[in-house]
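# Overview (structure and organization)
Each chain, letter by letter, is given below.
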Amino acid sequence: MEYRKYDSQKDKKAVYRILNECGWVHDKKNKLLNTLIPSANTLVSSINNEVEILVHSVIGSMKYLDEELKLSAVTGVNASLCARKQGLSSKLTAIKIALDAINDADVSGLCIFDQGYYNKLGFGNGNYENVACFTPATLNINRKPKLPTRLTESDFKKVHRSRVKRKSFHGAVTLPEFITEAEMGDKKKNTGYGYFDDDGNLTHHLWFHGKGREQGPIWIKWMSYENLDQLIDLLALLKSFEEQILMVKMVEPAFINLQDFIKKPFQIKWLTSKSKHQNYIYATAFWQLRILNLENCMQKTHLNFEDINFNLKLSDPIDKYIPKSMKWNGIAGDYIINLGKRSSAEKGNKKDLPTLHASVNAFTRLWLGVMPASTLVFSDDLEAPEKLLKKLDSAFVLPKAHIDWNF
Ligand SMILES: CC(C)(COP(=O)(O)OP(=O)(O)OC[C@H]1O[C@@H](n2cnc3c(N)ncnc32)[C@H](O)[C@@H]1OP(=O)(O)O)[C@@H](O)C(=O)NCCC(=O)NCCS
């Protein structure tokens, strides 16, 4: 397939048309169009000399326990309404991921429009994230809110620095500054509040969509805090909106169960049942990940477990979508894996070792701690002798991964 780098001068009009046909952009000043797409590594593909498909990704980082991995974050895939079901979007996405792998990315991640599409490129579901919908008056926070500072889109550098310095954990993603700038969105609909230290550093803040709505809902796009005491400051701030805002929606912050901070959560849930202000917490897996460089990922895997050695026969469905001429077309192959405090993967096969058969989709989920090996046998594409499965179940008992950055 033919593709090339996005050129703002030449392609902006066609890309606006695609995004508009997808229902994503209705305004030519939109930040996705003007900030994100020109700064990201965007590829476009044409049909009959008209740009009809675009894919963009950015290089960021992802934490694996205490280590940092280089992440290819796929930030968008769009096809116009006259380019669908030709297989071109899948191919262009696969090529974009291959280029990022050649550029040394260890893993690739994305947020899904639905399950299944990106599985064909080797991605597997991440953990469930809890999404909380609550009335701030029900928050059980006994702290007087500190006076915050109002943040605006021109504060994007400070906001980004605060996001980079936030308390992070297994799975946490960090993307470049222009992504924060773009994600802050339209100033008429988005706003934020935060707290500065004596040196003028923004230490903790929240940013939300829903500015100007008399009773909400407001959608917390993100919260950044360096410690849990600062998180309580932010919850106290949300509670201070209680006389007016009836609904706050947010992905539950890592480290806490929001229900612990809600008064009579079950009573409120039933009282608001079927109302537009229904209070409830639901769980969904909306992001996916895949390994791009197995050797690097294993090198950064330090498990508190005795050493396990096995052969890995890895399959990778992405190769069907990538031209043979590219330097990277997936990571299918035979590997010898050593897992433990120091782990490794090397190409090959040892006769006396047990063998794990897995797709890269399933192996990524095992490695990230999303699902135990013995469950993946039934829900995914993974097979091994019982003894090896049991060892893998015990080895990959990891904290729940949260990306804490929706892209
Ligand atoms: C997502 C999108 C880019 C796909 O575009 P497309 O050009 O039709 O995709 P492709 O032609 O590469 O792939 C289509 C194939 O994927 C399959 N597919 C689509 N969704 C699927 C799913 N959830 N599970 C499994 N297969 C799926 C289709 O059935 C089709 O299969 P076929 O080739 O056997 O007929 C397009 O629908 C779009 O632009 N949507 C709006 C923007 C959007 O949501 N982007 C994704 C952001 S994460």
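Residues numbered from 1 in each chain as written. Predicted model: local features only at pLDDT ≥ 70, side-chain atom pairs only at ≥ 80, totals over all residues. Heavy atoms only, no water.

## Some points on the site of the ligand
- As a matter of local geometry, the ligand sits amid 21 residues, with Val77, Gly87, Ser89, Ser90 and Lys120 nearest to it.
- Measuring from an oxygen atom of the ligand, one finds a backbone N or O atom of glutamine 86 at 3.3 Å.
- A distance of 2.5 Å is found between an oxygen atom of the ligand and a side-chain nitrogen or oxygen belonging to serine 90.
- Calculation on the ligand without its partners gives an accessible area of 980 Å², and the protein chains cover 69% of this total.
- Where the shell around the ligand is concerned, the elements lending two or more residues are strand S4 (67-79) and helix H3 (88-102). (Near = heavy atom within 4 Å. Polar contact = N/O pair within 3.5 Å; in protein donor to acceptor, adjacent residues only side chain to side chain. Areas by Shrake-Rupley, 256 points an atom, 1.4 Å probe, with all protein chains shown as cover. Helix = DSSP H or I, 4+ residues; strand = E, 2+ residues; numbered from the N terminus.)

## Regarding the side chain of threonine 174
- Within the element layout of this structure, threonine 174 appears in strand S9 (residues 173-174).
- The class for threonine 174 is buried, based on a relative accessible area of 18%.
- Leave out the neighbours within four places in its chain, and threonine 174 touches Gly60, Ser61, Val164, Arg166 and Trp405. (Buried < 20%, exposed > 50% of the residue type's maximum accessible area, 1.4 Å probe, protein only. Contact = heavy atoms within 4.5 Å.)

## Some points on the domain arrangement of the protein chain
- On domain assignment, one finds that the protein chain holds domain 1 (4-122), domain 2 (130-284) and domain 3 (290-359 + 371-395).
- The distance between the C-alpha centroids of domain 1 and domain 2 comes to 28 Å.
- Contacts between domain 1 and domain 2 engage 16 residues on the former and 16 residues on the latter.
- With both chains or domains summed, domain 1 and domain 2 bury close to 1,300 Å², and 66% of this area falls on carbon and sulfur atoms.
- For domain 1, the biggest contributors to the area lost against domain 2 are Lys31, Thr35 and Lys63; these three give 42% of the whole.
- In this structure, the connection of domain 1 to domain 2 is made through one salt bridge.
- Inspection of the domain 1/domain 2 interface yields seven residue pairs in polar contact (both at pLDDT 80 or more).
- Among the secondary structure elements, those contributing two or more residues to the side of domain 1 that touches domain 2 are helix H2 (31-39), strand S3 (50-64) and S4.
- When its residues are assigned to classes, the side of domain 1 that touches domain 2 shows nine nonpolar, five polar and two charged. (Domains from an automatic or database assignment. Buried area = accessible area lost by both parts, 1.4 Å probe. Salt bridge = Lys/Arg side-chain N within 4 Å of Asp/Glu carboxyl O. Nonpolar A, V, L, I, M, F, W, Y, C, P; charged D, E, K, R; others polar.)

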